[in-house]
Amino acid sequence: MDDARQNDQLGQWDRDSFLHPSTHLGQHARGEAQGRIIRTGEGVYIEDRDGQRWLDGFAGLYCVNVGYGRQEIADAIAKQAQELAYYHAYVGHGTEASITLAKMVTDRAPDHMNKVYFGLSGSDANETNLKLVWYYNNIRGLPRKKKIISRWRGYHGSGLMTGSLTGLPLFHDKFDLPLSPILHTTAPYFYRRDNFEQNEAEFVAQCASDLEEMIEREGADTIAAFWAEPMLGTGGIVPAPTGYWEAIQPILDKHDILLVADEVITGFGRLGTMFGSEHYGMKPDFITIAKGLTSAYAPLSGSIVSDKVWKVLEQGTDENGPLGHGWTYSAHPIGAAAGVANLKLLDELNLVQNAGEVGTYLNRRMKEELADHPHVGEVRGEGMLCAVEFVEDRARRTFYDPSRKIGAKVVAELAKSHVIGRAMPGGDILGFAPPFSLTTDEADRIVEATVKAVNGAGL
Ligand code: PLP
């Protein structure tokens, strides 16, 4: 069958059979929405089955950090599949790959964090962390201390508890979420502050006092943990305002509230440091990792726990027997082999440093070209994360009516230049999160295509 006919057939099967995640199901099934069938990838480029090539400015879903087509990782996966495709990690079992990866991860983690549990996705790693937080407080004899505070616009997954932790209505509405032990506090999103008159320091003080008020209202003896990305990702790609973490951390310490840093996006280099916690001076009790752990060459996630938490977990199993938690695929050898090869590549090619340097360049160039545009409210970012937020009236900060779908229109225009960006949920926000191997020439191409797309969308 020739390629064109085969594509027609695949397209039909796709519409007939495939229930896609995060997709307008009806439009897709009726063929009204544009999907793409991707065939291959190399470096920062992907190619679809029609032979069209795209600069992937979002690294898949902020995850193909080392870029596409890395032979070293493909070889490591193939070798592992041949030698030992699977063995479980229950009752103390390990494989060369999973044990090596645990050592590599904890060597790179903050000094006070020395144990890692492996799962498969960011969502299940957050779920593991949540169970461990509850276990921790039960072992400490604090059974009431169970509520979790996350932030509006945080993204922590889309399971029942992790979807509840997420602070975006799209992931709650019609799913009966959030579930009751989860509370949401103010999003650290300076540009969208309620009071446009507030300066950054006043806004940070407000975020801190909103959190303290919530803790006092609920009772600190009922609050177990604060769940946060170092900087907001899916909620808008928003760097933490200056002084935010310095204001939040002491409140958590004062009330004996654990900090879970969700580093599914920022872990392993996206901000130009190994972890976002390091970048912002946070002191987490748990770190959630996924995407960048394997650069998505195979599904693998992790929960890194601090020495303080580990001591209590150890006490718990001494008192109660084995930990009643685990997945069949925990620490899957193929994912672990991909992780080992991926972390080696990050080091050998100096990719974390490149993410910091080229990411800074991308952000600077995007600001130079678009920060003064009459319909751009803000250009912001950190490391290899960059966003452009569109507004109807810049001086008054009036947002577009969501029905106009300005963000989606800009993304569609961008695709005409064969550059992929993402329309973030919850506003007209164009996001970029390219692979760390991006060059300055490729960054220029993203910026040029964005300027063209903004004009092409009639803004
Ligand atoms: N946490 C953060 C910060 C994320 O960005 C994501 C996914 O984008 C998740 C958790 C959920 O990860 P997954 O989609 O692998 O379940």
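Residues numbered from 1 in each chain as written. Predicted model: local features only at pLDDT ≥ 70, side-chain atom pairs only at ≥ 80, totals over all residues. Heavy atoms only, no water.

Named according to an unreviewed UniProt entry, the protein chain is Taurine--pyruvate aminotransferase originating from Palleronia marisminoris. What the UniProt record of the protein chain gives under Sequence similarities (unreviewed entry) is the line "Belongs to the class-III pyridoxal-phosphate-dependent aminotransferase family." (UniProt positions renumbered as here; feature names shortened; annotations may be inferred.)

> Account for helix H14 (residues 351–370), naming residues and giving values.
Quick reminder: α-helices carry 3.6 residues per turn. Residues three or four places apart thus point the same way. Counted at 1.5 Å a residue, the expected span for H14 with its 20 residues is 28 Å, and the 27 Å between its end C-alpha atoms agrees. Of all the residues in H14, the buried ones are Leu351, Val352, Ala355, Gly356, Val358, Gly359, Tyr361, Leu362, Asn363, Arg365, Met366 and Leu370. Packed against the buried residues of H14 are helix H13 (333–348), strand S11 (376–382), strand S12 (385–390), strand S15 (429–432) and helix H16 (440–456). (Helix = DSSP H or I, 4+ residues; strand = E, 2+ residues; numbered from the N terminus. Expected span 1.5 Å × (residues − 1). Buried < 20%, exposed > 50% of the residue type's maximum accessible area, 1.4 Å probe, protein only. Contact = heavy atoms within 4.5 Å.)

> Residue-level account of the environment of aspartate 285, with values.
Here aspartate 285 shows up in the loop between helix H10 (276–280) and strand S9 (286–289). Separated by 26 residues in sequence, aspartate 285 and leucine 259 place their C-alpha atoms 5.4 Å apart. Not counting the four nearest positions on each side in its chain, aspartate 285 is found in contact with Met113, Ile257, Leu258, Leu259, Ile304, Val305, Ser306, Lys308 and Val309. A polar atom in the side chain of aspartate 285 sits 3.4 Å from the side chain of lysine 308. (Polar contact = N/O pair within 3.5 Å; in protein donor to acceptor, adjacent residues only side chain to side chain.)

> Before we move on, can you summarise the site of the ligand with the specific residues and values?
Every residue near the ligand is listed here: Ser121, Gly122, Ser123, Asn126, Tyr155, His156, Gly157, Glu229, Asp262, Val264, Ile265 and Lys291. Within the backbone of glycine 122, a nitrogen or oxygen atom sits 2.8 Å from an oxygen atom of the ligand. In the model, a nitrogen atom of the ligand is placed 2.7 Å from a nitrogen or oxygen of the aspartate 262 side chain. For the ligand, whose unbound accessible area comes to 390 Å², protein coverage reaches 83%. For the shell around the ligand, the element with the most residues is helix H6 (residues 122–139), which contributes three residues. Its residues placed into classes, the shell around the ligand shows three nonpolar, six polar and three charged. (Near = heavy atom within 4 Å. Areas by Shrake-Rupley, 256 points an atom, 1.4 Å probe, with all protein chains shown as cover. Nonpolar A, V, L, I, M, F, W, Y, C, P; charged D, E, K, R; others polar.)

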